[in-house]
Amino acid sequence: MATATAQALRVMKVSGNSRSVEEARARVFDFFKLACRSLPAVMDIYNLDDVVTKSQLRSAITSQIRKNSHITNAKVIDMLLFKGMEELGNIVEHHKQRHHIIGQYILGKDGTLHDSSIKDPGTSDFLKNFYSGNYF
């Protein structure tokens, strides 16, 4: 049984070529909207609620799009859009496993979680007792 998002991806095909850069950029915005609308389904399919929030995944999508914002050639934008649609289709149709999604979009290149919260080391009583103990 296909999800509504998978059916929407089948309907929205990437057309051949954009006539201008403005048209290509408009199609990128449409792709971003479609990707954001598919996030609840992706969160359910891969059971990502315990690892990441929807806003963090939206930020990952945004950073991937902004990484290529300097490109001004419409054909290159169309090619990147095609690759993005293929990737989104593979994710929504469950052609990837959970650890692929976590490794590519949630973990950083250094293998650590993207955590925007500020950590204060040493405030935990457990760690203070552990560090004060003579374990060496």
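Thresholds, definitions, all that
Residues numbered from 1 in each chain as written. Predicted model: local features only at pLDDT ≥ 70, side-chain atom pairs only at ≥ 80, totals over all residues. Heavy atoms only, no water. UniProt positions renumbered as here; feature names shortened; annotations may be inferred. Helix = DSSP H or I, 4+ residues; strand = E, 2+ residues; numbered from the N terminus. Buried < 20%, exposed > 50% of the residue type's maximum accessible area, 1.4 Å probe, protein only. Contact = heavy atoms within 4.5 Å. Areas by Shrake-Rupley, 256 points an atom, 1.4 Å probe, with all protein chains shown as cover. Core = buried A, V, L, I, M, F, W, Y, C linked by side-chain atoms within 4.5 Å.

You'll find the chain entered in an unreviewed UniProt entry as NADH dehydrogenase [ubiquinone] 1 alpha subcomplex subunit 6, with Salix brachista given as the organism. Entered under Sequence similarities (unreviewed entry) in the UniProt record, the comment concerning the chain runs "Belongs to the complex I LYR family." In its Subcellular location (unreviewed entry) section, UniProt records this for the chain: "Mitochondrion inner membrane".

(A) Looking closely at the overall build of the chain. In terms of helices and strands, the chain carries seven helices and zero strands. Listing every helix and strand of the chain by position from the N terminus yields α-α-α-α-α-α-α. Burial status across the chain gives 29% buried among its 136 residues. Taking the contacts inside the chain whose residues are at least 6 apart along the sequence as the reference set, 67% of them involve residues at least 24 apart. Here the chain has roughly 9,700 Å² of accessible surface; of this, 56% comes from carbon and sulfur atoms.

(B) Representation of the environment of N68 within the structure. Relative to the helices and strands, N68 is located in the loop between α4 (54-66) and α5 (74-92). C-alpha separation for the pair N68 and L80, spaced twelve residues apart in sequence, amounts to 8.6 Å.

(C) Region of the structure containing the nonpolar core. Within the largest apolar cluster, 24 residues are counted, with the highest numbers of intra-cluster contacts made by V42, Y46, L48, V52, L57, L88 and I106. Only α2 (21-37), α3 (39-46), α4, α5 and α6 (98-106) provide two or more residues apiece to this core. Of all the elements, α5 adds the most residues to this core, at seven residues.

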